Amino acid sequence: MTTGGGARRTIKLGLMYHQAGHHIASWLHPQSWPDCGIDLEKTIQIARMAEEGLFDLIFEADTLSGERYTPQTLPMTAQAMRIDPMTLLTALSAVTEQIGLVCTASTTYDQCYHVARRFASLDLVSGGRSGWNVVTSWNTTEARNFSTGVHLEKDVRYRRAREFVEVVRGLWDSWDEGSKLIDRQACKFYDPDGLHVLNHEGEFFKVRGPLTTYRSPQGQPVVFQAGASDDGKQLAGETAEVIFTAQQSIVEARAFYADVKRRAVEAGRDPAHLLVMPGFGVMVAKSRWEAEDAYQALQDRIVPEVGVMLLSRYLVWDLSSYDIDGPIPELPDNRNIPSRVTLLVDTARREGLSIRQVYQRIAGGRGHYQVVGSHRDVADTMQEWFETGAADGFNVLPPVFPVSLREIVDLLIPELQRRGLFRRAYEGKTLREKLGLPRPISRYAAR
Ligand SMILES: Cc1cc2nc3c(=O)[nH]c(=O)nc-3n(C[C@H](O)[C@H](O)[C@H](O)COP(=O)(O)O)c2cc1C
């Protein structure tokens, strides 16, 4: 398959980094690095391994509260401790050369000026490799850490998010390309005509500008988004350049893909400039049975109380008093849950799954699609999703760090390369160039 320009369209790959791995029992695996998420040296090794595999980017999600876990089960997981993602990515920028560096910042609990400055700074120190995952924060307990204690309603959060992104982008345009002169003779450090003051006043924000950080090497850092509700897809269609998603089947993924691309077109954009990257939990081995055995061994390590806690947290409903081998009970509608959780419950009911079976499904990749098999099996699945309108690339979630990533780099990447589906060497320096995304034109350029 080729793009309009004749170049072959290839798969984009993100590595989602998460502590000892994405499987809830990963830290109990004898070959895992249990404290990976808080050990910089180990994280560096993960980032370098991803770079060896020519991944486009490494991504770290973020929530601003650990309270979703109960005091009894929290100590049985590796979930309580992490490093602030921006601090981590900044450290990684100094020891990696190519890989894109993407993390979350919340439009509900952060400030536009801080976010604009942090991501522009990461872009500067990394030579154009930064990306911002825009989230509205669905976890209500985050509110307790930000003084008000009140979590905004979803429609308000999304209205605020739209304005937030607009302001951040406006701040990123504070400095024109080439406005830094450093002309000692003329005694001009910068060209004053190349500096713009935003003077934004809107429903939620009053931000004057300009940004103290110089224009990003990418023009602007890449904007990611990860909502799946109507509001989320609409925001992505209008503003995002990459959308992460957690689709449960190829059929749902195709519908999602068509939907967000349509929204991009309706917003007057080129749909090729919004990349869709579903999450894929990938357990790969030389043969299917080896991968299945390895995965089952991991499933067997799940402590039942932790599994029930994990699912309870997803459903925002305490399941500890229900039969673990019975169905998910009827739940009230008025819970603040993301749309992908509703999808999961619908799937469970359709397939008649027990609480134990549902938590096993989400234990591996935190609600994302799971692929367990040989490198050929996994490549077949990726190829089908990629070539039939379900994905432009994948956000890969290894169940265990570092072993699952090692298998992905050694087995799956060469298989994708053999099929001509993935690059054989990095092309382009910036994250934007790797992803094939255009460089944004400053809003002041035409003036
Ligand atoms: C791959 C992926 C990563 C996400 N990362 C975060 C995150 O770091 N922080 C967060 O609060 N939500 C995260 N989310 C959740 C979404 O951003 C979104 O807030 C949530 O799905 C609720 O919105 P929705 O109902 O529009 O889907 C992530 C979702 C996906 C699929």
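Just above, that's the structure.
Asks: Which parts of the structure should I look at to understand the overall build of the protein?
Replies: What the protein contains, in helices and strands, is 13 helices and 13 strands. Along the longest, intermediate and shortest principal axes, the C-alpha atoms of the protein span 75 × 50 × 45 Å. For the protein, buried positions account for 47% of its 447 residues. Counting only contacts in the protein whose residues sit at least 6 apart along the sequence, the fraction spanning at least 24 positions is 77%.

Asks: Whenever I open this one, the packing of helix α1 (residues 40-52) against helix α12 (residues 403-418) confuses me. Can you help?
Replies: Think of two packed helices as two axes; the pair is described by the angle between the axes and how far apart they sit. Between α1 and α12, whose axes approach to 9 Å, the crossing angle comes to 15°. The angle between the axes of α1 and α12 places the two elements in the roughly parallel class. Crossing of α1 against α12: the hand is left-handed. From α1, I46, M49, A50 and E52 reach across to α12, where they touch L405, R406 and V409. Residue composition of the contact of α1 with α12, grouped by class: five nonpolar, no polar and two charged.

Asks: Is there a simple way to think about the nonpolar core in this case?
Replies: If you look at soluble globular proteins, the nonpolar side chains tend to sit buried side by side. Core analysis: the biggest nonpolar cluster contains 120 residues, and I58, F224, I243 and L311 have the highest contact counts within it. Other than its neighbours up to four places away in sequence, F224 contacts V102, G131, W132, N133, V134, A240, V242 and F244.

Asks: How should α12 be read in this particular structure?
Replies: Every α-helix winds through 3.6 residues per turn, so residues three or four apart in the chain are directed the same way. Here α12 contains 16 residues, and its C-alpha end-to-end distance of 23 Å stays within 8% of the 22 Å for a straight helix at 1.5 Å per residue. The sharpest bend along α12 comes to roughly 35°, located at V409. Of the positions making up α12, those classed as buried are S404, L405, E407, I408, V409, L412, I413, E415 and L416. Of the surrounding secondary structure, the elements contacted by the buried residues of α12 are α1, β11 (275-285), α11 (375-387) and β13 (393-397). Remark: G420 follows α12 within two positions and exhibits a positive phi of approximately 70°.

Asks: What is the right way to read the environment of E292 from this model?
Replies: Its location among the elements puts E292 in helix α7 (residues 288-299). Separated by 145 residues in the primary sequence, E292 and S147 place their C-alpha atoms 47 Å from one another.

Asks: Just checking my understanding: could you explain the pairing of strand β5 (residues 180-183) for this structure?
Replies: Here β5 runs beside strand β6 (residues 188-190); their pairing, made up of two bridges, is antiparallel. If you follow D183 over to β6, its bridge partner there is K188. Counting the residues between successive antiparallel strands, the hairpin from β5 to β6 contains four residues, one of them, C187, with a positive phi of roughly 55°.

Asks: Which parts of the structure should I look at to understand the packing of helix α8 (residues 304-315) against helix α10 (residues 355-365)?
Replies: The contact between α8 and α10 brings their axes to 9 Å, and the two run at 80°. Taken together, the axis directions place α8 and α10 in an arrangement best described as roughly perpendicular. Touching G307, V308, L310, L311 and Y314 of α8 are I355, R356, V358, Y359, I362 and A363, all from α10. Taken together, the residues of the contact of α8 with α10 break down into nine nonpolar, one polar and one charged.

Asks: Is there a simple way to think about the pairing of strand β9 (residues 222-225) in this case?
Replies: Working note: regular strand, side chains alternate between the two faces of the sheet. Burial of the side chains of β9 extends over both faces: V222 and F224 are buried on one face and V223 and Q225 on the other. Two elements, β9 and strand β10 (residues 242-245), share two bridges in a ladder whose sense is parallel. The residue of β10 that forms the bridge with Q225 is I243. Handedness of the β-α-β unit built from β9, helix α5 (residues 230-239) and β10 comes out right-handed.

Asks: Sorry if this is basic, but what is going on with α8 here?
Replies: Taking 1.5 Å as the rise per residue, α8 with 12 residues should run 16 Å; its terminal C-alpha atoms sit 17 Å apart, in good agreement. What α8 keeps buried is the set V306, G307, V308, M309, L310, L311, S312, R313, Y314 and L315. One or two steps after α8, the chain reaches V316, where phi turns positive at roughly 50°.

Asks: Looking at this structure, I do not really get the environment of V207. What am I missing?
Replies: By the secondary structure assignment, V207 is in strand β8 (residues 206-207). V207 sits in the buried class, given 21 other C-beta atoms within 10 Å. Sequence separation between V207 and G170 is 37 residues; the distance between their C-alpha atoms is 9.9 Å.

Definitions and limits used
For every chain, the first residue of its written sequence is number 1, and the numbers climb from 1 along that sequence. Reporting of local features is limited, given that this is a predicted model, to residues whose pLDDT is at least 70; pairs of side-chain atoms are given and counted only at 80 or more, and all residues count toward the totals for whole chains, interfaces and linings. Numbering of helices and strands runs from the N terminus; a helix is a DSSP stretch of H or I covering at least four residues, while a strand is a stretch of E covering at least two. Each residue is classified by how many other C-beta atoms fall within 10 Å of its C-beta atom, where C-beta atoms are placed from the backbone; a count of 20 or more means buried, 12 or fewer means exposed, and values in between mean partly exposed. Two residues qualify as a contact pair if the distance between their C-beta atoms, derived from the backbone, is within 7 Å. Between the N-to-C directions of two axes lies an angle of 0 to 180 degrees, each axis being a line fitted to C-alpha atoms and, for a helix, fitted only over the stretch in contact. In this scheme, roughly parallel covers angles under 35 degrees and roughly antiparallel covers those over 145, while 65 to 115 is roughly perpendicular and the rest are oblique. Two helices cross in a left-handed way if the nearer one is turned anticlockwise from the farther one by less than a right angle. They cross in a right-handed way if the turn is clockwise. Asp, Glu, Lys and Arg are counted as charged, while Ala, Val, Leu, Ile, Met, Phe, Trp, Tyr, Cys and Pro are counted as nonpolar; the rest, among them Gly, fall into the polar class. One nonpolar core equals one set of buried Ala, Val, Leu, Ile, Met, Phe, Trp, Tyr and Cys residues connected by C-beta atoms within 7 Å. The length a helix should cover is 1.5 Å for every residue beyond the first. The quantity called bend is, for any residue, the angle between two axes fitted respectively to the seven residues ending at it and the seven beginning at it. Strand pairing is assigned whenever DSSP detects at least two bridges linking the two strands. Crossover handedness is defined here as right-handed if the route from the first strand over the helix to the second strand goes clockwise, with the strands pointing away from the viewer.

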